[in-house]
Amino acid sequence: MYIKDLSGFEGQEVTLKGWVANRRDSKGLVFINLRDGSGVCQCIADATKISENDFECAGKLGLESAVEITGTVVKDERQIGGFEVHVSKLNVYQYAEEYPIAKKEHGIEFLMDKRHLWLRSQRQWAILRIRNTIIYSIHQFFQKEGFVQMDAPVFTGNACEGTTNLFETDFYGDPAYLSQSGQLYGEAMAMAFGKIYTFGPTFRAEKSKTRRHLSEFWMIEPEMAFFDIHQNMDLIESFLQYVIKEVLDKCQNELQLIDRNTDILKTSLKPFPRLTYDEAVAIIKGEKDVNGVNSIKSLEEELAKVEAAITTTIAEIADREAKIAVPGMKKGEINFNQNKIATLKNDLKELEEQQRNIPTWIASAKNFEYGNDLGGSDETVITRLFDVPIMVYDWPHEVKAFYLKRNPDNPRFARGVDVLAPEGYGEIVGGGERETDEMKLREKITEHELPMEAFEWYLDLRKYGSVPHAGFGLGLERLVTWLCQLKHVRESIPFPRMYGRLLP
RNA sequence: UCCUUGAUAGCUCAGCUGGUUAGAGCGAGUGACUGUUAAUCACUAGGUCCCUGGUUCGAGCCCAGGUCAGGGAGCCA
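Residues numbered from 1 in each chain as written. Chains lettered and ligands numbered in written order. Predicted model: local features only at pLDDT ≥ 70, side-chain atom pairs only at ≥ 80, totals over all residues. Heavy atoms only, no water.

Let's talk about the overall build of chain A
Of the regular secondary structure elements, chain A holds 15 helices and 17 strands. Oriented by its inertia axes, the alpha-carbon framework of chain A measures out at about 85 × 55 × 45 Å. Within chain A, buried positions represent 49% of all 504 residues. Intrachain contacts of chain A at a sequence separation of at least 6 include 69% that bridge at least 24 residues. If you sum the accessible surface of chain A, you get close to 25000 Å²; carbon and sulfur atoms cover 51% of it. Measuring between centres, the 62 positive side-chain charges of chain A sit 5 Å from its 77 negative side-chain charges. (Helix = DSSP H or I, 4+ residues; strand = E, 2+ residues; numbered from the N terminus. Buried < 20%, exposed > 50% of the residue type's maximum accessible area, 1.4 Å probe, protein only. Contact = heavy atoms within 4.5 Å. Areas by Shrake-Rupley, 256 points an atom, 1.4 Å probe, with all protein chains shown as cover. Lys, Arg positive; Asp, Glu negative; His and termini not counted. Charge placed at Lys NZ, Arg CZ, Asp CG, Glu CD.)

Some points on the sheet that holds strand β8 (residues 168–171)
Pairing within the open sheet is antiparallel, and its 3 strands lie in the order β7-β9-β8. Two strands lie at the open edges of the sheet, namely β7 (155–156) and β8, each paired on one side alone. (Pairing = 2+ DSSP bridges.)

Here we look at helix α1 (residues 52–60)
Among the residues of α1, D54, F55, C57 and A58 are the ones counted as buried. Looking straight down α1, one finds that the buried residues subtend no more than 160° of arc, so they occupy a single side. Those residues of α1 that are exposed and angled more than 90 degrees off the buried face are E52, N53, E56 and K60. Where the residues of α1 are buried, they touch β1 (13–26), β2 (29–35), β3 (40–46) and β5 (83–94). (Arc of directions from axis to C-beta.)

Regarding the packing of aromatic side chains
Both the distance between ring centres and the angle between the ring planes are used here to describe each pair of aromatic rings. As enumerated under the stated definition, the model contains 17 aromatic pairs in all. A centroid spacing of 5.4 Å and a plane angle of 45° characterise the contact between Y277 and W395, whose relative ring orientation is tilted. With Y277 in helix α9 (residues 277–284) and W395 in strand β13 (residues 390–396), this residue pair connects regions lying 118 residues apart in the sequence. For Y277, a relative accessible area of 0% puts it in the buried group. Owing to a relative accessible area of 1%, W395 belongs among the buried residues under this scheme. An aromatic cluster of three or more residues is present, and its members are F141, F142, F147, Y197, F239, Y242 and F472. (Phe/Tyr/Trp six-rings, centres within 6.5 Å; stacked < 30°, edge-to-face > 60°.)

What to know about the domain arrangement of chain A
Taken domain by domain, chain A comprises domain 1 (3–94), domain 2 (118–272 + 389–492) and domain 3 (296–365). Centre-to-centre separation of domain 2 and domain 3, based on C-alpha positions: 38 Å. (Domains from an automatic or database assignment.)

Points about α9
For α9, a buried count of 6 out of 8 residues is recorded, marking the element as mostly surrounded by other parts of the structure. Just downstream of α9 lies G286, where phi reads positive at about 80°.

Topic: the pairing of β1
Across 7 bridges, β1 lies against strand β4 (residues 66–75) in antiparallel orientation. Bridging from a neighbouring strand, E13 pairs with T72 of β4. For β1 and β2, the ladder comprises 7 bridges, and the chain directions are antiparallel. From the neighbouring strand, D25 faces β2, where its bridge partner is V30. Taking the residues that link successive antiparallel strands as the turn, the β1-β2 hairpin has 2 residues, and the phi of G28 there is positive, at about 80°.

Section: the environment of D394
On the secondary structure map, D394 appears in strand β13. The buried category is assigned to D394, whose relative accessible area is 7%. Between the alpha carbons of D394 and R406 there is a distance of 8.4 Å; along the sequence they are 12 residues apart. Within the structure, D394 has its side chain in polar contact with the side chain of N407 (distance 2.9 Å). At a separation of 3.2 Å, a polar atom in the side chain of D394 contacts the side chain of R415. (Polar contact = N/O pair within 3.5 Å; in protein donor to acceptor, adjacent residues only side chain to side chain.)

In structure tokens:
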């Protein structure tokens, strides 16, 4: 019996097994918010209706104690699920004492240290359930489209884009690297099965401390024989829209719990604009407007808004502090104001962070040098102007990977494509059409100073039935982060591995 | 690797210009209260002020070096 199914049992006696999410006492009454993984339900132990022993047990339950509760399902409009349980019998599996995560705001370092327990909180529960729906819908989409799921190895002997950010391990005495992409193997498998996708862990030893980096993350890499870059973009669009639609359909409750405004998810079901690198650069530098909005001007307006918000926040903090200072205020009201002040101060910190960042973003957008890759801030600048993900393709070949095909009409450009998520989330997909010519690949490998012998197997693919093909890589955690509108990728995976974080 | 912000009670934070015995709320413990939703109210316990060195009659506060963490850049999905 699970809490999510209670509505079908009104008036009947049921038995629930779960954990105490919250408990409140009154004389003769104990309120227990029971959490069982499927949902939360309030259970009421009334001293006049259960045994003396059971009532005493109920009063001793600390947060996250494990219990089995038997009781009657009663309709109650005040409850979230619309039902509560009137306890008739209580069986305690374990009394928990001093649960470290309090019913209050905590700092991120503390919560990450307690990640194994933090997972139990409602917000984390909702996010990771959405992650599950995303994973399931990814498999559904590709299976329906006739793709075969194939696994690339995790240990690799060669790097596809240099070795500086690879984790090195010992493989029977030889150096081996943890995979930073299954792409080259994906190409080999596509030549055998036509359309394949890999779904596995990926490792990058980047000493990055930003909101969009993990050292270990999950990547989906489809690879399709006989696809060009435009077919690739068509596939990316229908794929992402399928996943978004599934999340909207199946996760209403979870999206509500995390307070996700779904407007942009809905507008993302319309076609994704496809911009060339040249067009994207013009927009970033403010030379070209999008629907009458200029990137630089809108950033400057944003900065002005942030500065105005800082002024009003400071004023409100001072105001509330003055109010508390006046004697005679009730304790509850003082608490309320102090909590409010704490929240405002946190807001203020974030606003000040933005106040420092935005001017550097404006500068970097204005001074963007044609021919460079887009930086994190450039992605933020351009995606703020759209209410849909955008696709940027045809990149200067120097900044992209060696295996990408050149545009036959203009060989300065490589046929790579990046998908940038709206709301400032940036790159979630990177892909493109692959080079099919063996000699051109050899030139590129030499140019990138990569060890040729490690790529001989890959070059075989161009000797034996080389065909046009394309593919892409989607960072699962970045997609989860965007769809859930999280501030940081670390909440999009149960146990994040990142620079400085190996436990728990 | 660079820029930037920070580290004070179990947690979240105050601590003014360097000055006697270090403060609040939450959490914990005890008690009160029969409908609470982070319940409320009263009382109690709880401190290596991140580390090392320096300046000073005196350092939580100033200086130097380090450690750890937050945010950003580079790099990337």
